[in-house]
Structures are given as C-alpha cells and as structure tokens.
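A look at the structure
Chain by chain, the residues:
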2 protein chains.
Amino acid sequence: MTTDAGAGVDADGPARAMVDLLGVLAYGELSAFDRLAEDARAAPTLAGRAQLSTMAAAEIGHFRLIEDHLARTGVGVADAMQPFVALWDSYHVSTAPRSWLESLVKAYLGDGLGADFYREIAGWVDPGTGELVRQVLADTGHSAFAEREVRAACEVQPQQRDRLALWGRRLLGEAVTQAQRVVAERDELAEFIVRGSGDAGGVANLIKKVQTNHGKRMSRLGLS
Amino acid sequence: MTTDAGAGVDADGPARAMVDLLGVLAYGELSAFDRLAEDARAAPTLAGRAQLSTMAAAEIGHFRLIEDHLARTGVGVADAMQPFVALWDSYHVSTAPRSWLESLVKAYLGDGLGADFYREIAGWVDPGTGELVRQVLADTGHSAFAEREVRAACEVQPQQRDRLALWGRRLLGEAVTQAQRVVAERDELAEFIVRGSGDAGGVANLIKKVQTNHGKRMSRLGLS
C-alpha cells in the first residue's frame, strides 16, 4: 500500500498537521464510501438502496476534493491517508450495522458528525483549505431520507426506538474513542487543534460540541 | 421492493419503451456502482481503491440524472428498474471478477460498452432524453487508469495476457446474452431499437457495433 512519497508528507509542524488532517478526512471519506456501499446492498427497497448509494457517492466527491487539494501541494492522497487506515477500519469493524435501520442511523449520525468537524475546522485552516472545507460542507445533507425512514420505523415498532437509541450512543462513544486515539498518536494534529480552537482544552471542547450536536441529531431521528 | 407506481409505468408503446430503456439503464448504473464498490475493496493499493471507488461514484451520478429525468415524467425510478433487477444481477453473478486485474478489465470494458450504448441511442430518443444521454456520456472516461494498470501488469507477467483476453471475450459474450434476454422479454424495447436504428436487423447491428468497439478496447488494454 505504498506509493511515491509526496513532497509534503515529510514536512514538520503545521504543514505536517495539515497533511495529517486532510489524510484522516480523506480516508474517512473513502472508508465511509466503502461501508455505505456495503450497507446499501442490504436495503429492503430499491429506493433505499439508491438513497444510501447516493450518500456513498457523495463521500467520493469529498474525497476527490481533498485529493486534488493535496495534489496541488505535492502530496499524494494515498501517502496522507496511510497512517489512518487502521484506525478508521477499526472504527468501522466495531460499528458494523446489523440491520438496515442501524445502517441508516449510522449513516445519518456519521454524516452529521463529519459536517460538525468540517464546520469547526473551517476557520482554523489556511484560506485555500478553508475553501475546500466549505465546498465539502456545501455538499452534505444527503441523509434527510434517513430521518424520515427511522422515525417512520419507530412509529410502527416502538421497541426499535430504545435499541436504536442505544446504538446511536454507542456510535458516538466509538467515534470519540477513535478520535482520541488519532490525536494521541499524532502530536502535530493535537497541537493544531489546541492552536485552532485557541484553547488548551481544545480537544475536549471539540468533543463537547460534537456531543451536543449529536444529541440534537438523535432528537431529529426521534431517538432521544 | 415495490413503491407507488408512477403515472408512466403503465403506459404502452413508445412511452413504455422509454420507461423500459431508462429503467434498464438506471439499474445498470446502480448495480455497476454496487459491483465496482465491492471490487474496489479488494484493490492492492489505496490509489487503486480510490480510482475504482471514483468510477463507482460516477455511476451514481448517471443514475441520479436518469432518476430526475424519470421523475419529471411522473415515473418512479424504482418502478422502472424493477423488471430488470434479476437480469442485471444474473449478469454480475456470472461475471464476478476473481482478481484485481479481472475487476479492472471488467470496469474498463463495461464503461466503454455503456458509453457505446448511450451514444447509439442518443439520436433515437426525444430531445429531452437525448440531452440526458449526452450528459451521461460527458461524464464517462473515468477508466483510463485501468488501461495503464492492465498494460503494466501484462508487461510484467505476460501469462496474464491470455487469461485476461479470455476474460474480456467472456464478458462481451455474457453482456450480449443478457441484452438479448432483455430484448426478448420486452417487446416495446425491441420495437424501439428496430425503429430507432431504422432497420429490421437493428438489434443485430447494434450488437455488431458493440463488438467492433469492444475489440478496439481490448487492443487498448493490450489484450487483442
């Protein structure tokens, strides 16, 4: 899984942090594509399959924006992603949906979590990268159908609500665990977050914001 | 797998043929997405995985163009696709790649075959549908990387060439078989092709053109 190292991969400090940040996001998109495509296959209707497949395809749109952006700075996206493959894969293994509704909840919450994160960092990065982040954000919101489907299913089978609420909480817990691992392994990235948020408690604050928004999303799914 | 039937699904004659045509293309795109996404997972490099995933995502772009077009005429894409699910699925089962190189050859030849077909019908359909077909065609050509990878692999391992050449011929054979089944099952579609091509031998001529182009693509892969 190696390719020629791009010029920026061996950079230190802020440049290294930016490559890490884009690398972790790029593999986040690529692995989300893969999992959504797999989950789409288990859809109970062709319409649901098409909708989840559309979400998967949108991840590739974001992936390509990141790839192009990295390429302009002389960094190969494969090199930038490599350090984060195992962590993301481990997240997806630990949160493999066992039903269509679990897939929808994961897709919806994951989409929102990604958007939170992009929104948060948009102001911390250089203008060029900020523009990239805004382009990605403008293309989110493909998951409204999940809201409708999950709410409708819980109305028909109220016992699903508790089970899916538990699932939603577990997804957040796993995401936070994996995010903490990424930050613990990548010093430059931790420094970047502290500097970006202008706060020594930057990582904790970021997680807190994400938790608040996660709660709102759970409400919108009818799972709070 | 049922949804509310759109107004146009029960139409007869030319309208029925157009819904069938778009339905067969829509499920072709959706099932190609699914198979390419699955094949991408088996890529030997992150770069290859990203490239095949990008091809998969492009199929969803085409799918959505067809979906929107059908929606404007009051037809749900799920209803239009339904009659063709079993045939396409059977094509993919009978042509499941057993290696990364087989995946690349299938992706490349399938992409070209699709483009041939879209190009051929562009002039047979109403102006609105013709515009849709041109939009889809403008977005093909994501498979050039497959050409490079297959050629490079055959240079290193010349014994791959014969095996992949056989595979390429088998893919065309299976595609022709499935296309003939579709036409045999859908009278309106057969009439549409005869009328469109302005020739009673329309289907045979269409297949002949596809075969010629397939041969050219095999050459470009270094497999002729």
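Keep in mind it's a predicted model, so treat the numbers as computed, not measured. (Residues numbered from 1 in each chain as written. Chains lettered and ligands numbered in written order. Predicted model: local features only at pLDDT ≥ 70, side-chain atom pairs only at ≥ 80, totals over all residues. Heavy atoms only, no water.)

Description of the interface of chain A and chain B
The figure often quoted for interface size is the accessible area lost as the parts come together. Going by this rule: The contact definition used throughout considers only heavy atoms, calling two residues in contact when any of these lie within 4.5 Å. The term buried area denotes the loss of accessible surface (1.4 Å probe radius) that occurs when two parts are joined, taken as the sum for both partners. Any N or O atom pair separated by 3.5 Å or less is treated as a polar contact, with the protein-specific requirement of one donor-capable and one acceptor-capable atom, and with residues adjacent in sequence counted only for side-chain atom pairs. Runs of E in the DSSP output that reach at least two residues are strands. Runs of H or I that reach at least four are helices, and both are numbered from the N terminus.
Each side of the interface is counted separately: chain A has 29 residues, and chain B has 30 residues. Note on chain A versus chain B: buried area summed over both sides is about 2400 Å², and carbon and sulfur give 64% of it. Applying the counting criterion to the chain A and chain B interface returns six residue pairs in polar contact (both at pLDDT 80 or more). When residues of the side of chain A that touches chain B are traced back to their parent elements, those giving at least two are helix H1 (13–41), helix H2 (46–72) and helix H3 (77–81) of chain A. Ranked by residues supplied to the side of chain A that touches chain B, first place goes to H2 of chain A with 11 residues.

Topic: the pattern of salt bridges
We apply this condition: By convention in these notes, a salt bridge is any Lys or Arg side-chain nitrogen within 4 Å of a carboxyl oxygen on Asp or Glu.
Under the counting rule described, the total for this entry stands at 26 salt bridges over all chains. One salt bridge in this structure joins Arg98 of chain B and Glu102 of chain B, with 2.7 Å as the shortest N-O distance. Of the charged contacts in the structure, one is a salt bridge between Glu120 of chain B and Lys209 of chain B, with a shortest N-O distance of 2.6 Å. Taken together, the positions of Glu120 of chain B in helix H5 (residues 100–121) and Lys209 of chain B in helix H10 (residues 202–220) put the pair 89 residues apart, joining distant regions of the chain. The structure contains a network of salt bridges with shared partners spanning Asp34, Arg35, Glu38 and Arg41 of chain A together with Asp34, Arg35, Glu38 and Arg41 of chain B.

Quick notes on the packing of H2 of chain A against helix H2 (residues 46–72) of chain B
Our working definition: With axes taken as lines fitted to C-alpha atoms, and helix axes fitted only over the stretch in contact, angles between N-to-C directions fall between 0 and 180 degrees. Working rule for angles: under 35 degrees goes down as roughly parallel, over 145 as roughly antiparallel, 65 to 115 as roughly perpendicular, anything else as oblique. The hand of a helix crossing depends on one turn: near helix anticlockwise from the far one by less than a right angle means left-handed, and clockwise means right-handed. All residues other than Ala, Val, Leu, Ile, Met, Phe, Trp, Tyr, Cys, Pro, Asp, Glu, Lys and Arg, Gly among them, are scored as polar; the first ten of these are nonpolar and the last four charged.
Between H2 of chain A and H2 of chain B, whose axes approach to 9 Å, the crossing angle comes to 125 degrees. Classified by the angle their axes make, H2 of chain A and H2 of chain B are oblique. Both H2 of chain A and H2 of chain B take part in a crossing whose hand is left-handed. Residue-level contacts link Ala50, Ser53, Thr54, Ala57, Ile60, Phe63 and Arg64 of chain A of H2 of chain A to Ala50, Ser53, Thr54, Ala57, Ile60, Phe63 and Arg64 of chain B of H2 of chain B. Partitioning the contact of H2 of chain A with H2 of chain B into residue classes produces eight nonpolar, four polar and two charged.

Focus on the relation of the copies chain A and chain B
For clarity, the threshold we go by: In this comparison the copies share one frame, found by least squares on the C-alpha atoms of residues holding pLDDT of at least 70 in both.
Superposing chain A onto chain B takes a rotation of 180 degrees combined with a translation of 0.0 Å along the rotation axis, leaving an RMSD of 0.0 Å. The transformation just described matches what one would write down for a two-fold rotation axis. Residues of chain A ranked by C-alpha distance from the rotation axis are headed by Ala57 of chain A, positioned 2.2 Å from it. The overlap is high: 100% of the interface residues of chain A also sit at the interface in chain B, so the same surface is used on both sides.

Structural notes on the packing of aromatic side chains
Residue and element names in this part refer to chain B. Where we set the bar: Two rings from Phe, Tyr or Trp (for Trp, the six-membered ring) form a pair when their centres are within 6.5 Å of each other. A pair whose planes differ by under 30 degrees is stacked, one over 60 is edge-to-face, and the rest are tilted. Buried residues are those whose accessible area, probed at 1.4 Å on protein chains only, stays under 20% of the maximum for their type, while exposed residues exceed 50% and partly exposed ones sit between those limits.
Applying the stated criterion to the full structure yields five aromatic pairs over all chains. Ring geometry for Trp88 and Tyr91: centres 6.1 Å apart, planes at 80 degrees, overall edge-to-face. You can see Trp88 and its partner Tyr91 sitting in helix H4 (residues 85–94), three residues apart, about one turn around the helix. Relative accessible area serves as the criterion here: at 26%, Trp88 is assigned to the partly exposed category. Exposure remark for Tyr91: the relative accessible area of 11% places this residue in the buried category.

Overview of the environment of Gly114 of chain A
Residue and element names in this part refer to chain A. Here Gly114 is to be found in helix H5 (residues 100–121). With relative accessibility at 24%, the residue Gly114 sits in the partly exposed group. Here the alpha-carbon distance between Gly114 and Trp167, two residues 53 residues apart in the chain, equals 18 Å.

A short note on the environment of Ala40 of chain A
Residues and elements named next belong to chain A. Looking at where Ala40 falls in the secondary structure, it is placed in helix H1. The buried category is assigned to Ala40, whose relative accessible area is 1%. Setting aside residues up to four positions removed in sequence, Ala40 forms contacts with Arg49, Leu52, Ser53 and Trp100.

Description of the confidence of the model for chain A
Residues and elements named next belong to chain A. Quick note on the threshold: In predicted models, pLDDT denotes the confidence assigned by the predictor to each residue on a 0 to 100 scale.
Taken as a whole, chain A shows an average pLDDT of 89; of its residues, 93% reach a score of 70 or greater. Ranking the helices and strands of chain A by mean pLDDT puts H3 first, with 97, and helix H9 (residues 187–197) last, with 83. Residue range residues 1–7 is modelled with pLDDT below 50. Its contacts to residues more than four positions away, or to other chains, number 14 contacts. For this predicted complex, the interface confidence score (ipTM) comes to 0.89, while the overall pTM stands at 0.90.

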